[in-house]
Amino acid sequence: MINTLKIRKNQGEQAIPDVTRAEIRPPFRGLPAVDGSKCGRCDACREVCPVGAISARPLAIDLGKCVFCGDCARECPEKSITFSTFHKIASTSRDYLVVDGAKNAEEYLSGAIEARQEIKRLFGASFKLRQVSAAGCNGCEWELNACGNPNFDMGRFGIEFVASPRHADGILITGPISENMAPALEDAYMCTPDPKVVILAGSCAISGGVFQGSAALNREFLDKHHIDLYIPGCPVHPLTVVNGLLKFMGR
Amino acid sequence: MKWIYTKNNRPVRLADIPEMTMDELRAQIVGRCREGRRVVAFFGMPNGRTETVYAVLADDEANRLYISSGAMGRERRYQAITPEAPRFHIFEREFYEDTGITPEGHPWLKGVRYGHDRADHEKTMESYPFFTMKGEEVHEVAVGPVHAGVIEPGHFRFMCQGEDVHHLEIQLGYQHRGVERLMVERYDRSGIHLAESIAGDTVIGHATAYADAIEALSNVEISRRAQAIRAIALEMERAAIHIGDLGAIANDVAYLLGNAVFGVTRTLVINTLLSLTGSRFGRGLVREGGVAFDFKPDHVREFKEKLTKVSRDVELMGEAMFEMASVLSRLDHTGTVDFEAATKMGLVGPAGRASGVSLDVRADHPFGIYRFYPVHKRTMLSGDVFARSYMRYIEIKQSIEFIFEQLDGLPDDKPLISPLHKLPSDSLVVSMTEGWRGEIVHCAVTGKKGKIVRYKIKDPSLQNWYGLAYALRGNGISDFPLCNKSFNLSYCGNDL
């Protein structure tokens, strides 16, 4: 008992008091700052990018494909690509994830998530998700689990991962969706009661990531169903997830 | 000469690898395994219409690897090795699934991962031949692929009588992404990124194995500093996951203080790794030829300061947890795998060491900086959940000590990333690392033009999944989560 109290005292308060203001320190790679005017058109960035996330004219990075490895920023002789630590990069629009440097972080954030009244009305106070790992490598899965730990503690906002799709308000998918997992993903979706949302977390789920184009995938699910929220990252950072979900819920 | 001997990360020319008939190879393997060698890789490579079969055996005491090959004729069948060298069981299953060549007399020839490029598409996940049990009060419990928590998918079928599990069968394959095939197709563009994603919880372990393989083929010795930084990251990864898993084990016995404290302590470790690499999992650090991030004096200071706290917190929490009667009563004698069974199944890593199997690549086949700073192997004997948990606790402390040793003597040679040469033609290299789950093996084979034509990956999970199934026998079904967490195996690592 004494030991327990000692440990408790030693730990103090661990929860991040305000997750909406929390910052991640460098060299964390969040929203890239792209400056096409500096670009010398040497194509070094495009050559090292493992996922083809960079387009040249105009210079832009697709956060849905980007695995945030930073190889492009290191290779660029003109420093026309750098990564900022800004982590609130979730968006309700797939196209919005293509960034060309026209917006700064604040501007990016203000237009990233379209707040829908019905979402706020239905899920604003309590939002339960069934997570389905469809060939996720366990990176995003660890980070999603971390969202509920004493540091990030998303449970305090009424957000929780539940065991059954029947108890869920939506499906949150990680991984590039393997052929072998596609039927189970569809089942989990069908078992979730309406109205429901679909959220993609991580580059693999959004674009296939480093596995895009593999013959072992089956991504038809994404053509059939509307996607409500995209959370980029490789893996997704818990602060990106929690802030993305909060904004999405209209809070 | 029946075998060519080499070492971890020392390439051999394909022409120098002895070739014999499949029957001879089998007899050789069985004989050498009786002498105490063990299998680390066994795979086929198409050779025109036939197949060349490569076997890699390890002699752990002599730090040597032995390679030989067999020519498979049109008969496409041979007598199974498994009945005489049981460690081969999963390797032969995998070989059979990949190539369609039948090891006759294999006791348990079922699918391993149902890969998209498997030999026989008639065999599907839906038609998996589960064992069944008949009798009074016998029932089966099916779980998955989607589990209750936020974890990877797999299917578990418990064959029970009442609460007791007679047998657990684990069917995997849901996570198959075709990594080995992609490695061959895309290694020059995204090899390291793919390696980092083989198992996202073992980023450094697999990336190091891949990078070591490419550097060895290219005949480049990277700087000592880069080697040391990789090793520090590898031990950070080990400590972080072990701490997280102790928290999960605490959670599964309803000891919530343990869950909370180990959870936040893990956060401290991975956030420290972020301060160096920009990623909580160390992504982007290991690159072919070295590492992409360097330790500044500030980093050294910060690592020491944070790890001192981690060390203290883990010890305080660990000592409290491992002397609490209500925790121990759940861990002791639960999910026991004895030494004999663990050896026969071929368990590796902390799960094996908890059953007395003294294997650790860092000591047996040292790579990188471990050649100069070998790690002392530790084992336990009871082979139960307690041993697998306490083994983690021991290893966390060992890892932190190792990191301190490296931080105090960081070599200052250059460069951080060495340029690589063109890969040689017709060569094979075996690259092994000790990830936190155990032995990782990557085999790369180059063709005539010096391009990689075959890339074989073995995650420690491949062998250890069977250990989990075995551990459940005779245990209550409610102890499954606990047994599962004590192993914490990778679905992706198995399914590739």
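Residues numbered from 1 in each chain as written. Chains lettered and ligands numbered in written order. Predicted model: local features only at pLDDT ≥ 70, side-chain atom pairs only at ≥ 80, totals over all residues. Heavy atoms only, no water.

Visitor: Explain the sheet that holds strand E14 (residues 427–435) of chain B to me, and be specific about the residues and the numbers.
Guide: Residue and element names in this part refer to chain B. Spatially, four strands are ordered E2-E14-E15-E16 in an open sheet, and the strand pairing comes out antiparallel. In this open sheet, the two edge strands, each paired with only one partner strand, are strand E2 (12–13) and strand E16 (452–458). Relative to strand E15 (residues 438–446), E14 runs antiparallel, the two sharing eight bridges. Bridging from a neighbouring strand, Met432 pairs with Val441 of E15. (Pairing = 2+ DSSP bridges. Helix = DSSP H or I, 4+ residues; strand = E, 2+ residues; numbered from the N terminus.)

Visitor: Tell me about the interface of chain A and chain B, residues and numbers included.
Guide: Each partner contributes to the interface: chain A provides 60 residues, whereas chain B provides 64 residues. Surface buried jointly by chain A and chain B totals about 4800 Å² across both partners, of which 58% is contributed by carbon and sulfur atoms. Our count for the chain A to chain B interface comes out at three salt bridges. Our count for the contact surface shared by chain A and chain B stands at 26 residue pairs in polar contact (both at pLDDT 80 or more). Residue assignment for the side of chain A that touches chain B shows that the elements contributing at least two residues are helix H1 (2–11), helix H2 (44–48), helix H3 (71–75), strand E6 (127–133) and helix H6 (139–146) of chain A. Counting residues per element, the side of chain A that touches chain B draws most heavily on H6 of chain A, at seven residues. (Contact = heavy atoms within 4.5 Å. Buried area = accessible area lost by both parts, 1.4 Å probe. Salt bridge = Lys/Arg side-chain N within 4 Å of Asp/Glu carboxyl O. Polar contact = N/O pair within 3.5 Å; in protein donor to acceptor, adjacent residues only side chain to side chain.)

Visitor: Mind laying out the layout of surface pockets, listing which residues take part and the relevant values?
Guide: For the largest pocket, the calculated volume is near 1400 Å³. Every residue lining the largest pocket is counted, 45 residues in all, and those nearest its centre are Asn145 of chain A together with Gly149, Val150, Asn251 and Lys485 of chain B. Mapped onto the lining of the largest pocket, the elements with two or more residues apiece are E6, H6 and strand E7 (159–161) of chain A together with strand E9 (138–143), strand E10 (155–161), helix H5 (224–252), helix H6 (256–277) and helix H14 (480–487) of chain B. Estimated volume of the second largest pocket: approximately 610 Å³. In terms of residues, the lining of the second largest pocket owes the most to one element, helix H3 (residues 179–196) of chain B, which gives seven residues. Taken together, the residues of the lining of the second largest pocket break down into eight nonpolar, four polar and eleven charged. (1 Å grid on protein atoms, 1.4 Å probe; cavity = no way out; pocket = protein on both sides within 12 Å on 5 of 7 lines; lining within 4 Å. Points joined across faces, edges and corners; volume = space filled by probe spheres on them. Nonpolar A, V, L, I, M, F, W, Y, C, P; charged D, E, K, R; others polar.)

Visitor: If you had to explain the sheet that holds strand E2 (residues 54–55) of chain A to someone new, which residues and values would you point to?
Guide: Residue and element names in this part refer to chain A. Strand order across the open sheet formed by three strands is E2-E3-E5, with antiparallel pairing between neighbours. The outermost strands of the open sheet, each flanked by one partner alone, are E2 and strand E5 (98–99). For strand E3 (residues 60–62) and E5, the ladder comprises two bridges, and the chain directions are antiparallel. Counterpart to Ile61 in the pairing with E5 is Val99.

Visitor: I'd love a proper account of the pairing of E16 of chain B, names of residues and values included.
Guide: All names here are of chain B. Judged by how many residues are buried, E16 sits mostly within the fold: six of seven residues are covered. Relative to E16, E15 runs antiparallel, the two sharing six bridges. For Cys443, the partnering residue across the bridge sits in E16 and is Lys456. Counting the residues that bridge the hairpin from E15 to E16 gives five residues, and of these Gly450 lies at a positive phi of roughly 75°. (Buried < 20%, exposed > 50% of the residue type's maximum accessible area, 1.4 Å probe, protein only.)

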